[in-house]
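What follows is the residue order along each chain.
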Amino acid sequence: MFFPRGGYREYGETDDGQHTHAGIIMPSIEALEAKEKRHMRARSRFQEFRSRMSRTFPPNLARVMLLCCAALWGGSYLVAKVAMSAITPQWLMAMRMTGSCLIMFVLFHRVIIPALTREIIIPALVVGITYYGTMVMQTEGLKTIDPGRSAFLTASYCVLTPFAAWLVAKQRPKLINLVAAIICLTGVGFVALKPGSGSLALSQGDWMTIANAVIFSFNLTFLGRYTQHFHPIAVTFMQFAVADVFFLIGALLTEPLPNASWLAPDVIMSFLYLLIGATTMAQIMQNIGLAHVPPSSAAIIMCTESLFAVAFSAMFWGEAIGWTSIVGFSLIFAAVIMSVVTKRK
């Protein structure tokens, strides 16, 4: 029988030296050792890169990047509201994730490809699935509530993160975290308070947004762990890729197919902002900034996202902000600041 190069053989070796058994090519010990050495060299280069960048990257530039990230994300609530006037939530997120993955792969393929090993599969699934859950809850909730309200309810993730870290990493929260959680809950109560009636009412959109904050707290906890072992850009790419698969499946199963209304100029411009600004650029700036700014300082800067969101919503969407909302937003923001400042101690 004729055996082409690398073809079927019962026992022995292929022409390039790989062992075979029952027609299955088995990698040689030398090949496995070479692969392990390549993986170790890639990890060593990553650690060296992080060390060098930590010494040379300007801290103030990193802070500006985090502030820009907060502004881009703050604007995304309003822009997503415009985009979802035509595009359904999961299709919108699927297109955002697909576009972001393509852009990131073109720009950072030299970082991403070496990280595509078996070791990154579990981290990718964990951060990707939690990110999917976060964005589904947020976008579905945003369909029925105002952008500023959505932003401040989402911001409660900062208060919840210490408790997520307690469950995941066994890091017991401090007393100040419990106090912050109570203040935040009080703030949510004021947001839910109906002016004039004195009754509390949270809509389905409010509850979905609160669920988004809970899931996001776990997503950030896992991201903080995995970016210590893998390049932040590679983790971001894998997070988007895994989430993209779930968004595509969800859109195909539960939402109508694309139509001509998606091509309206304002919808296209909104999508481009969400794709290039709020998804790709903001996520990259966040991960780079977090690598060069102390966590407590970074968290305070990123808390301004909700301030940007409510400012943009009031100016351009006409969101009405009553006294109960002002009190509620203030309490939530105070709780967020308490949660992040206590990490300095």
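Scroll up for the structure.
Described in the following lines is the structure provided in the data block. Because the structure is a prediction, the values reported are computed rather than measured.

## Quick word on the overall build of the chain
What the chain contains, in helices and strands, is 13 helices and three strands. In the chain, buried positions account for 47% of the 345 residues. In the chain, of all internal contacts separated by at least 6 residues, the share reaching a separation of at least 24 is 82%. On the chain, roughly 17500 Å² of surface is accessible, and the fraction owed to carbon and sulfur atoms is 70%.

## Some thoughts on the environment of T161
You can see T161 is positioned in helix α6 (residues 157-169). Between the alpha carbons of T161 and V214 there is a distance of 8.1 Å; along the sequence they are 53 residues apart. Discounting chain neighbours no more than four positions away, the residues touching T161 are S217 and T221.

## Considering the packing of aromatic side chains
Applying the stated rule across the entire model yields 11 aromatic pairs. Each ring, one from F312 and one from F316, has its centre 6.5 Å from the other, and the planes form 35 degrees; the classification is tilted. Taken as a pair, F312 and F316 lie in helix α12 (residues 305-317) at a separation of four residues, close to a single helical turn. Residue class for F312 comes out partly exposed when judged on its relative accessible area of 24%. Look at F316 and you get exposed, because its relative accessible area is 60%. Three or more aromatic residues joined by ring pairs form one cluster here, namely Y132, F246 and F247.

## Looking at the packing of helix α2 (residues 59-83) against helix α5 (residues 147-154)
Helix-helix packing is characterised by the crossing angle of the two axes and by the distance between the axes. Packing of α2 against α5 brings their axes to within 9 Å, and their N-to-C directions diverge by 130 degrees. In terms of orientation, α2 and α5 fall into the oblique class. Considering the relative orientation of α2 and α5, their crossing is right-handed. Contacts between α2 and α5 involve Y77, L78 and K81 from the former and P147, S150, A151 and T154 from the latter. Its residues assigned to classes, the contact of α2 with α5 comprises four nonpolar, two polar and one charged.

## As for the packing of α2 against α12
As a packed pair, α2 and α12 sit with axes 8 Å apart at the nearest point and diverge in direction by 40 degrees. Between α2 and α12, the crossing angle belongs to the class labelled oblique. α12 is crossed by α2, and the crossing has right-handed handedness. Where α2 abuts α12, its residues L67, A70, A71, W73, G74, G75, Y77, L78, K81 and V82 lie against E305, F308, A309, F312, F316 and W317. Of the residues belonging to the contact of α2 with α12, the class tally is 12 nonpolar, two polar and two charged.

## Some details on α2
Its 25 residues give α2 an end-to-end C-alpha distance of 35 Å, which sits within 8% of 36 Å, the value for a rise of 1.5 Å per residue. Along α2, the largest kink reaches about 35 degrees and is centred on Y77.

Reading the values: the criteria
Residues numbered from 1 in each chain as written. Predicted model: local features only at pLDDT ≥ 70, side-chain atom pairs only at ≥ 80, totals over all residues. Heavy atoms only, no water. Helix = DSSP H or I, 4+ residues; strand = E, 2+ residues; numbered from the N terminus. Buried < 20%, exposed > 50% of the residue type's maximum accessible area, 1.4 Å probe, protein only. Contact = heavy atoms within 4.5 Å. Areas by Shrake-Rupley, 256 points an atom, 1.4 Å probe, with all protein chains shown as cover. Phe/Tyr/Trp six-rings, centres within 6.5 Å; stacked < 30°, edge-to-face > 60°. Axes fitted to C-alpha atoms, helices over the stretch in contact; angles between N-to-C directions. Parallel < 35°, antiparallel > 145°, perpendicular 65-115°, else oblique. Left-handed = near helix turned anticlockwise from the far one by under 90°. Nonpolar A, V, L, I, M, F, W, Y, C, P; charged D, E, K, R; others polar. Expected span 1.5 Å × (residues − 1). Bend = angle between axes of the 7 residues up to and from the residue.

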